[in-house]
Every structure is written in structure tokens, then in C-alpha cells.
Amino acid sequence: MKKQWWHDKVAYQIYPKSFYDTNGDGIGDLRGVISKLDYLKDLGIDIIWLSPIYPSPFADQGYDISDYYNIDPRFGTMHDLEELIAEAKKRNISILLDLVVNHCSDEHEWFQKALKNPTGEYGRYFYIREGKDGKEPSNIRSYFGGSAWEQIGDTNLYYLHLFHKKQPDLNWENPVVRKEIYDMINWWLEKGIAGFRIDAIMNIKKALPFHDYEADREDGLADCRAMLNENDGVMEFLKEMRDSTFRRYHAFTVGEVFNEKKGDLSEFIGEDGCFSSIFDFSQTVFGASEKGWYDNQPVTPDDYRQCCFNSQKRAEGIGFLSNIIENHDEPRGVSRYIPEGECSDEAKKMLATLYFLLQGIPFIYQGQEIGMENVPFDSIDQYDDVSTLEEYRVAQLNGLTNEQALEAVRRYSRDNARVPFQWDSSENAGFTKGTPWLLVSPDYPANNLKRQFTDPDSVFHYYKKLIALRKSEEYKDTFIYGQFIPAYTDEERVMAYYRIGEDQRILIIGNFKMAEQEIKLEQPYRKVLLHNYETVSGNGTSLLLKGYEVVVLEL
Ligand code: GLC
């Protein structure tokens, strides 16, 4: 595989609104990010992905952009961003912005002009269609619930929004729109950013002409994915975008790609792929029900292992996936993949090790490095996230009591990950001197960075060691390019694999349960590279793994 500058990097996602607030308005800001660069450098981070910081009405927390060339004043100024890029560069850290180009905000100038003249030049920037017999042009449902079509005033015209009605979809079939997007991408790359995380990109290609699909719920609508699955041709747009932008700058791009078609992975992340990498979402979509969150099946440790291993096999010899346990759209990984009641510091460290040493680019989501958990929200009114409110409604519609519906959204809400970062035990976890825009998780007095900093056994210090190991001169080639081979797959609730380098053989093995487990080693080990308990028990040919023990062994 041809080596690329991003292969040996460790990335960190910042959700700026909840990272660190320096001006007391209760909202995190760019100066807050600048002030924490030394912290991130010390942790071992090379790439920062910033969730959107552009002007936005925040109907979907910044993923509804009203001006692609500016910074929302709540986050700071363009000068702040330039300073952030420069300060990051001094520390050898690259900045990625979020590229949200499936849709913009309804408050974007383009859409405002389109509303004034829906059949004119700007009307063609969007998907505007006539209604059918006084109803929407087709029966597709938006991701956030309800029809994906919104009527324009009292006309018979509707515009398409696969997400919130304040997020009209941009018409990628229009070459003028594509040119606008590519110009904007190049403008940012010229500013010195290293690349982009690319939002919701599989949605840009619609199956045209729009038509109805078989309804999948009682509302008579069909999931918009039925429409997306029907089309081909997204790759033409993606390659054109790559050639007009990223490729010229040798930029790093990581796509938010769900369900690419079988066999298409090399087109996405192969040597000549349209992106540098895509996220592996196989664990996050596992067990998801078409009916809604209330019907999702939990992911067991063996399911988790299977998902990771399938993805590793799928990408083998093709390219690099980006590995995560959580992001701003998911609950906390430690609350999701560690069975209920078993979440300890040991278990958190084990999960960290198991996903981090897979082949691919590891991404850490803010707060993950201190083991932040899901939040015990106790009322639906405490939530901000649009999809949480919709899923609560869907659960109620399906006969769940308010308490049961709350329980369901508590497990999956995006707000679990969006609450403020827990810096210390002072008021509001040290996140802001003002009133935080979203609840601060009540566990912050016990779990915060300051406390973990002083405890050498903390999850935080473990993450530092894990990152250092992956980047160490001695082992990095094996962790980055070494072959991946599953191990002990017949054992229940053990997740283990080898990474095999030119002259190194490393075993990563975790006991995904509370009870002890004995494992016969296929060959004796020479050195323990990392572990999450004080001692490793065994007799050279076998290991006695304690509950949620993980060890990284050089054989
Ligand atoms: C992506 C983002 C998510 C957003 C959606 C619409 O999935 O990660 O936060 O709601 O796109 O932009």
C-alpha cells in the first residue's frame, strides 16, 4: 500500500459548542480550542476535526450552514480560526473542517433567493417540485421524521430536505452548484486547513424522477434510504469533487459514508479512491431497527467483535478505515459497547485498546479520553437534539409510556455526546463561567480531566500510553501497516487479534466480561507492551485474564 502522510496519525474530534467556553456565553468557542492545543498535543493528537463552526441558525447544531465563508460569531471570528490553524501548525497538528454540502440552511442567501423565484436561477440550486394532487411530490420521509418535502408558502411547490426542514438539499445535478461547492472547498484549503470530514455525502445523489415507494410505517411514508438505494452515480460527483479540489492539495478527507454498495470500498478509499478514508460505522448501525430507536437491539460483546473483524477484512489490502467508538451523533461508546452494569475504568481501557490498535486511523471524540459516559437525562425537556425529540415521539406513537420512551432515547440520544467536556470539578465542570447551553452531566465532580490528570492509573493516562504505543518508533509500522488476523474467535466474549509486521508479531487480547478467563497462548510472549491491570497473570504459555483485562503482547 502506498504510504500517505495521514496513515500514522491519531485524530480527535472537537464539537466546538461543548468543548471550552472562554467568553462566558455558555457556548464553547475557537479561542477555547486554541487554549487547549497544548493539552491535545500532550495527549498525542495529530489531526483535529472541528464540527461546523460556520454561521448557522443551529436548527441542527451548525449542520445547517447559512454562510460557507464565515465563522459564526458565537464561535469567534475568522481571525480566531486563522490563529487556530497557525497555532496548531506550530505543534504539528492539522485542522480538518466539516464539509456539509448535501444541504445548506434555509437562511442561506441561495435559498432565500430561490424562495423569491422558485423557477429561476437559484430555484435550480435546490430540488423544487410541484405537488401531486395537492400532496407532496413523493412519499419519502426525512431522517428527522415527517415528509422530506416542505411546501413553499401557499404555492403548489415543495422543496426537498432529507434532514430538517431548515436544511434544504442542494441540487448536485446542477453544474453551477457543484462549481460553487468546489470553489468554496478550494478557498478553505488555500487557508491552510489539511482537509475535511465530509458530512452526509451519500445523500447527494437522488433517484430521479422522484416517485413514491412502498410505505414502511403507518404514516404512509417510506424511509428516504429507499430512494437513495435506488440510484447509482454518486461516484461521478465524488470523483469530480476530488479532482477539482482535494487531490490538488494532497488533503486528507474522511467521508461519512453509510452502506456503500458491496465491492465499492476501493472506489472510496483505494489508492485512486474519492476519499482518503471513510468511517467504519458497522458497530453503530448494528442492531438498528427500521421502526426507531425504541426497537433497537443492543450490541453484545461478540457482535461488537464481529463488526470490527468484518470491517477489517473488508478493508484489507484496499485502504484505511477510520475507527471510532463514538462521535457527536452517537451515544458514548463505553455506555453502548460495555454491557450495562459492567462499565468500569478497566472496561473503558479495554474497549479503547481493542478499537485503537485495529488497522485504520483512530479517531477520539472529545471526552472519550476521560471515559465520559451517557448522561442520565431525567426529562425530555432537557434534550436539545432534533432527532432525539422525534424518536421520543415515535416511541410514544408506538405505545411506549413516557418513561419507557425516555428510557429508549436515553440510550441513543446524540446529546449524550454533546454535553460539555468535563475539565474539572468547579461549577459547570469548568466548561463555562456562564450558563451552559446544554446540561452538564452530573457525574463531573467525580469524573473530570483535572482529577484524572493527577491519577496515573486514570483512563486519561491510559489513552496517552495507548497513543504513544501506536506511534512508537519501534512498533508503529506493525500497528499501521501490519497484517490483521483474528484470534480466539471460538471463545465467547474474548476479543483478540494479531497484528503482524515484518519481524514482529503482536497479540491484542481483551476479556470482554467480569469473570476470569484462561487463554492458552499459541506461542510464549516476549514482552508486555500495554495492559490495564497492575500485573499480568499467567505462566508463559497461558494467560489468566481478569474481568475486562486487556493486554498487548509482543510474541
Ligand atoms: C451528519 C452529521 C449530523 C447531522 C447530519 C445532517 O450525519 O454528523 O450531525 O445531523 O449529517 O447534516
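Just so we're clear, the structure is a prediction, and the values are computed from it rather than from any experiment. (Residues numbered from 1 in each chain as written. Predicted model: local features only at pLDDT ≥ 70, side-chain atom pairs only at ≥ 80, totals over all residues. Heavy atoms only, no water.)

## Some details on the pairing of strand β1 (residues 11-14)
Stage number 1. Along β1, one buried face is formed by Ala11 and Gln13 and the opposite face, lined by Tyr12 and Ile14, is buried too.
Stage number 2. Relative to strand β13 (residues 361-365), β1 runs parallel, the two being bridged by three bridges. Looking at β13, one finds that Tyr12 is bridged to Ile364.
Stage number 3. Here four bridges tie β1 to strand β2 (residues 47-50), and the two strands are oriented parallel to one another. Across the sheet, residue Ile14 finds its bridge partner in β2, namely Leu50. (Buried < 20%, exposed > 50% of the residue type's maximum accessible area, 1.4 Å probe, protein only. Helix = DSSP H or I, 4+ residues; strand = E, 2+ residues; numbered from the N terminus. Pairing = 2+ DSSP bridges.)

## Re the pairing of strand β3 (residues 94-99)
Stage number 1. β3 sits mainly inside the fold: six of its six residues count as buried.
Stage number 2. Side chains of β3 alternate between two faces, with Ser94, Leu96 and Asp98 and Ile95, Leu97 and Leu99 buried alike.
Stage number 3. The sheet contact formed by β2 and β3 spans three bridges and is parallel. Paired with Ile47 across the two strands is Ser94, which belongs to β3.
Stage number 4. Handedness of the β2-helix α3 (residues 78-90)-β3 crossover: right-handed.
Stage number 5. When β3 meets strand β8 (residues 195-198), the two strands line up parallel, connected through four bridges. Within the sheet, the bridge partner assigned to Leu97 lies in β8 and is Phe196. (Right-handed = clockwise from strand over helix to strand, strands pointing away.)

## What about the sheet that holds strand β6 (residues 149-151)?
Stage number 1. The antiparallel open sheet is built from three strands, whose spatial order is β4-β7-β6. Two strands close off the open sheet at either side, each with one partner strand: β4 (128-130) and β6. Sheet twist, expressed as the mean angle between neighbouring strand axes with direction ignored, is 35°.
Stage number 2. Here β4 runs beside strand β7 (residues 157-160); their pairing, made up of three bridges, is antiparallel. Within β7, the position partnered with Glu130 by the bridge is Leu157. (Axes fitted to C-alpha atoms, helices over the stretch in contact; angles between N-to-C directions.)

## Some thoughts on the sheet that holds β1
Stage number 1. Taken in spatial order, the eight strands close into a barrel running β1-β2-β3-β8-β10-β11-β12-β13, and their pairing is parallel. Between one strand axis and the next, the sheet turns through 25° on average, direction left out of account.
Stage number 2. Note that strand β12 (residues 320-323) and β13 share two bridges and pair parallel. Looking across to β13, one finds that Asn323 is bridged to Pro362.

Nothing here speaks to function; it is all geometry.
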